[in-house]
Amino acid sequence: MAFRLQPIDQEALTAFAQRLVRTPSPSTQEGEVASLTAAEMRSVGFDDVKIDCMGNVIGRIGPDQDGQKLLYDAHMDTVGVGEMSNWQRDPFGGEIADGILYGRGACD
């Protein structure tokens, strides 16, 4: 049995990535990014989404039963930006230039 999410909307995906970059998420302060991620998972068709007591976002596609599983693991925190004057672009701007998304955590 195969399960499919909604077709990828490149514009919506880019806007979501920009929202993530624009949301500071230093270690132990990832709550807003977790909420954004959970909301996005729901909007693209996950059957179940929850945030556990440790702040992890957990989603399920398909029926809740035994069977094959796929785990995707990532982190939501970012390191500090350091001295702002060292940045050529706003680290929380989510700017796109020449097809590249700039900002803290954009490529990690």
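Quantities reported herein were computed from a predicted structural model and do not represent experimental measurements.

Caption draft 1: Representation of the overall build of the chain. In terms of regular secondary structure, the chain is built from 2 helices and 4 strands. Starting at the N terminus and walking to the C terminus, you meet the elements of the chain as α-α-β-β-β-β. Projected onto its principal axes, the C-alpha coordinates of the chain cover approximately 50 × 35 × 20 Å. Within the chain, the proportion of its 108 residues that are buried is 17%. The contacts in the chain between residues at least 6 apart in sequence include a share of 43% that link residues at least 24 apart. Counting only carbon and sulfur atoms, one obtains 51% of the accessible surface of the chain, whose full area is about 8300 Å².

Caption draft 2: Quick peek at the side chain of Q18. For Q18, the position within the fold is in helix α1 (residues 10–21). A polar contact is formed between the side chain of Q18 and the backbone oxygen of G94, at a distance of 2.8 Å.

Caption draft 3: Up close: the pairing of strand β1 (residues 48–51). As defined by bridge partners, β1 adjoins strand β2 (residues 57–60) across 4 bridges and the pair is classed as antiparallel. Within the sheet, the bridge partner assigned to I51 lies in β2 and is V57. Remark: 5 residues form the turn of the hairpin made by β1 and β2, two consecutive strands paired antiparallel; G55 in that turn has positive phi of roughly 95°.

Caption draft 4: Quick look at unusual backbone geometry. Even without glycine at this site, T28 takes up a positive phi of about 75°. Along the chain, T28 turns up in the loop between α1 and α2 (31–43). Under the relative-accessibility criterion, T28 is labelled exposed at 70%. Located in the positive-phi region is D98, a residue other than glycine, with phi close to 55°. Take D98: it is sitting in the loop between β3 (96–97) and β4 (100–101). Of the residues examined, D98 reaches a relative accessible area of 81% and is grouped as exposed.

Caption draft 5: Up close: the pattern of salt bridges. What the rule picks out here adds up to 2 salt bridges. Close ionic contact of R19 with E40 constitutes a salt bridge, the shortest N to O distance being 3.2 Å. Highlighted residues: R19 in helix α1 and E40 in helix α2, separated in sequence by 21 residues. By relative accessible area, which is 34% here, R19 ends up partly exposed. Look at E40 and you get buried, because its relative accessible area is 16%. Between E95 and R89 there is a salt bridge, and its shortest N-O distance comes to 3.2 Å. Under the relative-accessibility criterion, E95 is labelled partly exposed at 35%.

Caption draft 6: Representation of a negative patch on the surface in the model. A surface patch of like charges, here negative, comprises D47, D48, D64 and D66. As for its position among the elements, D66 is in the loop between β2 and β3. The class of D66 is exposed, set by a relative accessible area of 77%.

Parameters at a glance
Residues numbered from 1 in each chain as written. Predicted model: local features only at pLDDT ≥ 70, side-chain atom pairs only at ≥ 80, totals over all residues. Heavy atoms only, no water. Helix = DSSP H or I, 4+ residues; strand = E, 2+ residues; numbered from the N terminus. Buried < 20%, exposed > 50% of the residue type's maximum accessible area, 1.4 Å probe, protein only. Contact = heavy atoms within 4.5 Å. Areas by Shrake-Rupley, 256 points an atom, 1.4 Å probe, with all protein chains shown as cover. Polar contact = N/O pair within 3.5 Å; in protein donor to acceptor, adjacent residues only side chain to side chain. Pairing = 2+ DSSP bridges. Salt bridge = Lys/Arg side-chain N within 4 Å of Asp/Glu carboxyl O. Patch = residues over 30% accessible without salt bridge, like charges linked within 9 Å, V, L, I, M, F, W, Y side chains within 5 Å. Lys, Arg positive; Asp, Glu negative; His and termini not counted. Charge placed at Lys NZ, Arg CZ, Asp CG, Glu CD.

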